[in-house]
Amino acid sequence: MTQALDDLRVLDLSDSAAGAWCTRLLADFGADVITVEPRANGHALRALAPFDDAGRSIPALYMLANKRSIAIDLDEPRAGSLLSRLLRRTDVVVESFTPGRLAELGLGFDMLAQRRAGMILCSITPHGQTGKRAAVPGNDLTAFARSGWASINGRANREPLNGSAFQASYQAGIAAYGAVVAALLHRDTHDNEGQHIDVALDDVLASTCAPAIVRAQYTGEPLARREKSDITAGPVPVADGHFALTISRAHFWRDAMNLLGLEDLAEDERWAAGWFRQQHQDEYMPRVEEQMAGWKKMELFDELAVRRVVAGPVLEMSELRTNDHLAARGFWAAAENAPDGPAYAGAPARLSASPWQLARRMPRHGEHTFSVFREIGGITEDHLLGLFESGVIGTVE
Amino acid sequence: MSTDGAAVGAPRGPLAGIRGIVLTQAWAGSYATQLLGMLGADIVQLEVRKRLDSWRGSYDTPLIAALSSVPTATHAWNCNPLYNSVNLNKRNATLDLATPAGVDLFRRLLVHADVVAENFSPRVLGNLGIDYEAMRAVKPDVILCSLTAYGHDGPWANVPGIGGTIEPTSGQSALLGYRDGPPINSGQMYPDAVAGLTGFAAMVTALRHRQRTGEGQYIDLSMQEANLAVVGDAALEYELTGRQRARLGNRHLTFAPHGIYPCLAAGRDQRWIALAAESETQWAALCAAAAHPDWLADPRFADNAARKTNEDALDAALAAWTATEDRDALAARLGTAGMIAAPVLDTLEVASDAHFRARGVIVYVDHPEVGRRAQPGAPVHFSRTPAAVTRHAPVQGEHNLEVFSELLGMTPGEYEALAAEGVTGVGEP
């Protein structure tokens, strides 16, 4: 089966989780992605915990999968001309340097566009290419802080709360992926016009925080962190874990209250309205939570599922990995070139005609240096050996 | 309509010329199609009068109290900030898909669609007689994106879900929370944000496949799977080590310090700063900025590994220092000096941030009922084909006649007749 991007080559100069996730998606939908790793230390993700028994970074194993890897010393004077050999056959470049650094390396957008007509450059940084914060460092934590997300996550009597690991990077990576594909759609219908895309972690998170931000603009009050965990806010304790019963529609309420043996709450019409429930939480919440506490989470889920009521048992990875539903959908996937290797989380969306595919496990640092420069760069084996021996390309052993 | 700091007028984005006829509602689906609109696509939301988009509320939901002094704010369902936050750059027409005339109109509109998106429960489209195969019969190369809780097949296909329940069932909630606390949900339904971004990504992918091959397709987007994919590193950790990753609070898997610390209160509002050091250079700079050379000499903090081991003591020392500092002044000072630092902005403050304003990430939007408000606009920037806010979130039925006359050649008389029958029209039926 064809893939939507299987005519494309991507050179990934990025050194961040956001860049890596963007190019992972480009690879998953068919592009030939070559990740360009610093010769000395490799991609920054490779140094991030946690590690497997072989000492490999698990975030790197996940986000660098499906790509090829070349190792090169970008500070070496010969690096620029070597990369140019690849850039002539590259459709998309993704990078995450501090703004200005790419141009210093001789790889700014104008230079790239000279190497290849229609070039699309996607820069992914904490704060973007323009504005007073452009050069200021940042990470996932600062994106949650500046976008409003941290201020609404967590509890009122505690500190604001970051998202779980890499969430800002994943969000920005997906947004950047979509922007690159949109730019390709434009390129291919507008006389091969390329362009520079500027994606900032902060911007993407502000965009996804929009409902709370706009609510604050309308009410004049910021959304506060919740006082406590209760059923309107998320998981509450049940017999063997935690369970969310965040009810929206009226029939969810009626059917759930009947199941929990709270017929008076089920049948009183006033409780059907969400805004009414919100204003009178204290009158029902303790009773509902007391009833829920006697249930096991999957038994409650199954009973509510039969009644078509939204229900959320808190599932851990061991439960998801063995979950019948995900198994039936074939969600978990080993890399095609490592069928005996670990199973990865699979397609984020199922496309019937141009599907997601995980072809390759994570490459070793510089694993494809010689083959890529030989096959795509047209550089001879002798020349490559010379470059390797003089420390321009290849890994540091 | 006018905006400050954003382009106005005809869309020039990379998706100009693409049209979406969408049945999306609430958050995830609406956000996905808003992103298409931000990038220049013409997005027409079809909405059923009998069952409002749930993010408009219901017909008896009260108007937000703070809007009661706004004379134009006359319909609460047009003034819901949730709906208005994720439906920019769309046109809105009402259509009762439960009537044969409504379904007929839908089929005639479908001919003009490149993309259809919906987030009904899995059986709804089939019950209406407009599932993917039926759509293909009308428009052979149509792209249909269905956003559901658990996807269109498998044992849970018909189990309903919303962000608040997908967060627990996708593995997200188990990873979110304080280090000493239970699993929690985010402050608003985070899985919708992820699924919305993913839906956008999936639809542009399908558009490119169609551009190359002429072939449309069906996109089955499970919110659970889209969210599990972005905690996939934690899933792989379990697969390789047998361990469920612990909740990290504000800490990092690798680096210390990495946290959110108290600053001087502003009036009654406690303020907070996010701080991190990801290298020894940044740590040394932080010690200097804090005027704490003793930290640099302290063996407990000698390198990242030591700081990680002694992170409780490290956090306590940092918090004691930041507690007497002004949040914004400290964040600016540290950022300029090359450190990782940011004020924790509340959701009101974000809209005033000068950097966001300068980049056009926060723009003013004039809404016919609510008036002029700041809100997040396009999150990505294109050098040749700028994405921009060109339309306010539509009021219900705002473009009924415009859409029906433009795409179907409907006359005002024909429209009035259909509105009288309740097939289209405006307001509570």
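Conventions and cut-offs
Counting starts from 1 at the beginning of each chain's written sequence and moves along it residue by residue. A letter from A marks each chain and a number from 1 marks each ligand, given out in the order of writing. Under the rules for a predicted model, residues below a pLDDT of 70 receive no local features and side-chain atom pairs below 80 are neither given nor counted, while totals for whole chains, interfaces and linings still include all residues. The side-chain figures draw on all heavy atoms in the structure; neither hydrogens nor water molecules are used. Where helices and strands are cited, they refer to DSSP runs of H or I of at least four residues and of E of at least two residues respectively, numbered from the N terminus. Only protein chains enter the accessibility calculation, which uses a 1.4 Å probe. A residue is then buried if its area is under 20% of the maximum for its type, exposed if over 50%, and partly exposed in between. We call two residues contacting when some pair of their heavy atoms lies within 4.5 Å. With residues, only the protein chains shown are counted as cover, and all accessible areas are computed by Shrake-Rupley using a 1.4 Å probe. As used here, buried area is the combined drop in accessible area, with a 1.4 Å probe, of two parts when they are placed together. A pair is scored as a salt bridge if a Lys or Arg side-chain nitrogen falls within 4 Å of a carboxyl oxygen belonging to Asp or Glu. Strands were regarded as paired on the criterion that DSSP finds at least two bridges between them. Axis lines are fitted to C-alpha atoms, over the contacting stretch for helices. Their N-to-C directions set the angle, which ranges from 0 to 180 degrees. Working definition: a ring pair exists when centres of Phe, Tyr or Trp rings (six-membered ring for Trp) sit within 6.5 Å. Plane angles under 30 degrees give stacked, over 60 give edge-to-face, the rest tilted. In this count, Lys and Arg are taken as positive residues and Asp and Glu as negative ones, while His and the chain termini are left out. Whenever a nitrogen or oxygen atom comes within 3.5 Å of another N or O atom, the pair is scored as a polar contact, on the condition that within protein one atom can donate a hydrogen and the other can accept it, and that pairs from neighbouring residues in sequence are kept only if both atoms are in side chains. Note on terminology: disulfide denotes any pair of cysteine sulfur atoms within 2.5 Å. Residue ranges labeled as domains rest on an automatic or database domain assignment. In plain words, nonpolar cores are sets of buried Ala, Val, Leu, Ile, Met, Phe, Trp, Tyr and Cys residues tied together by side-chain atoms within 4.5 Å.

A few words on the overall build of chain A. The secondary structure content of chain A amounts to 19 helices and 12 strands. If you line up chain A on its principal axes, its C-alpha atoms span 85 × 50 × 40 Å. Buried positions account for 61% of the 397 residues belonging to chain A. Within chain A, contacts between residues at least 6 apart in sequence are counted, and of these 69% link residues at least 24 apart. As presented, chain A carries roughly 14,100 Å² of accessible surface, and 48% of it is formed by carbon and sulfur atoms.

For the rest of this paragraph, the subject is the interface of chain B and chain A. Contacts between the two partners involve 148 residues from chain B, matched on the other side by 150 residues from chain A. For the pair chain B and chain A, the summed buried area comes to about 12,600 Å², and 63% of that belongs to carbon and sulfur atoms. The largest per-residue losses of area from chain B upon contact with chain A belong to Y178, R208 and T347 of chain B, which jointly make up 6% of the total buried on that side. Taken together, the connections running from chain B to chain A amount to 14 salt bridges.

Attention shifts here to the sheet that holds strand β8 (residues 269–276) of chain B. Spatial ordering of the open sheet is given by β7-β8-β9 (chain B), a layout of 3 strands whose pairing is antiparallel. The open sheet has two edge strands, β7 (258–266) and β9 (340–343) of chain B, and neither has a second partner. Going from strand to strand, the sheet's axes swing by 25° on average, the running direction of each strand aside. Across 4 bridges, β8 of chain B lies against β9 of chain B in antiparallel orientation. Its bridge partner being in β9 of chain B, L275 of chain B is matched across the sheet by A341 of chain B. Relative to β9 of chain B, helix α6 (residues 140–147) of chain A is tilted by about 15°, and along the sheet it contacts β7, β8 and β9 of chain B.

For any pair of aromatic rings, the description consists of the separation of the ring centres together with the inter-plane angle of the planes. All names here are of chain A. For the structure shown, the criterion picks out 20 aromatic pairs over all chains. Centre to centre, the rings of W253 and W271 are 6.0 Å apart; their planes meet at 25°, and the pair counts as stacked. Taken together, the residues span a long stretch of sequence, with W253 in helix α11 (residues 250–259) and W271 in the loop between α12 (263–267) and α13 (274–279) at a distance of 18 residues. Judged on exposure class, the residue W253 and its partner W271 are both buried. Centre to centre, the rings of F331 and W332 are 5.2 Å apart; their planes meet at 75°, and the pair counts as edge-to-face. The pair F331 / W332 is uniform in exposure class, with both members buried. In textbook terms, an aromatic cluster arises when at least three aromatic residues are bridged by ring pairs, as seen for W253, W271, W275, F276 and Y284.

Every other side chain in a regular strand lies on the same face of the sheet, so the side chains alternate between the two faces. Residues and elements named next belong to chain B. A large share of strand β1 (residues 19–23) lies buried, amounting to 5 of its 5 residues. Across the two faces of β1 the burial is the same, with R19, I21 and L23 and G20 and V22 all buried. In the sheet, β1 pairs with strand β4 (residues 115–118) via 4 bridges, with the strands oriented parallel. Paired with G20 across the bridge in β4 is V115.

Let us now look at the side chain of E369 of chain B. All names here are of chain B. Relative to the assigned elements, E369 resides in the loop between β10 (362–367) and β11 (371–376). Here E369 sits buried without a salt bridge, and the closest side chain of opposite charge, R56, lies 7.9 Å off (N-O distance). Engagement of the side chain of E369 in a polar contact is seen with the side chain of N78, the distance being 3.0 Å. Apart from residues lying up to four places away in sequence, E369 is in contact with V70, T72, A73, T74, H75, N78, C79 and V395.

The subject of this paragraph is the pattern of salt bridges. In this structure the tally under the stated criterion is 62 salt bridges over all chains. The closest approach of N and O atoms between R187 of chain A and D91 of chain A, which form a salt bridge, is 3.0 Å. Taken together, the positions of R187 of chain A in helix α8 (residues 167–187) and D91 of chain A in the loop between α3 (79–87) and β4 (92–95) put the pair 96 residues apart, joining distant regions of the chain. This pair shows no difference in class: R187 of chain A is buried, exactly as D91 of chain A is. Where D366 of chain B meets R372 of chain B, a salt bridge forms, and the shortest distance between an N and an O atom there is 2.9 Å. A cluster of three or more residues bridged by salt bridges with shared partners is formed by D6, D7, D91, R116, R187 and D188 of chain A together with R208 and R212 of chain B.

Residue and element names in this part refer to chain A. In space, the 3 strands of this open sheet follow the order β7-β8-β9, with antiparallel pairing throughout. Of all the strands in the sheet, the pair left with one neighbour each is β7 (236–238) and β9 (312–313). By the bridge criterion, 3 bridges tie β7 to strand β8 (residues 241–244) in an arrangement that is antiparallel. Residue P237 lies in a different strand from β8, and its bridge partner there is H242. Seen against the sheet, helix α15 (residues 297–306) touches β7, β8 and β9 and runs at an angle of roughly 25° to β8.

So, about the state of the cysteines. Summed over all chains, the structure comprises 0 disulfides over all chains. Residue C122 of chain A stays outside any disulfide, its sulfur separated by 5.0 Å from that of C22 of chain A, the closest cysteine.

Here we take up the domain arrangement of chain A. Domain assignment breaks chain A into domain 1 (9–209 + 332–389) and domain 2 (236–313). For domain 1 of chain A and domain 2 of chain A, the distance between their C-alpha centroids amounts to 43 Å.

Our next topic: the nonpolar core. Counting 188 residues, the largest nonpolar core has L26, I124, M257 and M292 of chain A as its most contacted members. The dominant element in this core, judged by the number of residues it contributes, is α8 of chain A, at 14 residues. Filtering out sequence-adjacent residues up to four positions away, I124 of chain A remains in contact with A18, G19, C22, V94, E95, S96, A172, A176, V199 and L201 of chain A. If you look at the next biggest cluster of nonpolar residues, it comprises 31 residues, including L46, L105, I130 and V423 of chain B.

It is worth spelling out the pairing of strand β6 (residues 217–222) of chain B at this point. Within β6 of chain B, 6 of the 6 residues are buried, which leaves it mostly tucked inside the rest of the structure. In β6 of chain B, alternate side chains face the same way, and those of Q217, I219 and L221 of chain B on one face and Y218, D220 and S222 of chain B on the other are all buried. Pairing of strand β12 (residues 350–351) of chain A with β6 of chain B, which is carried by 2 bridges, proceeds in the antiparallel orientation. Each bridged residue has a counterpart across the sheet, and for L351 of chain A the counterpart in β6 of chain B is I219 of chain B. Here 6 bridges tie strand β5 (residues 143–148) of chain B to β6 of chain B, and the two strands are oriented parallel to one another. Residue pairing for β6 of chain B: S146 of chain B is matched across the bridge by D220 of chain B.

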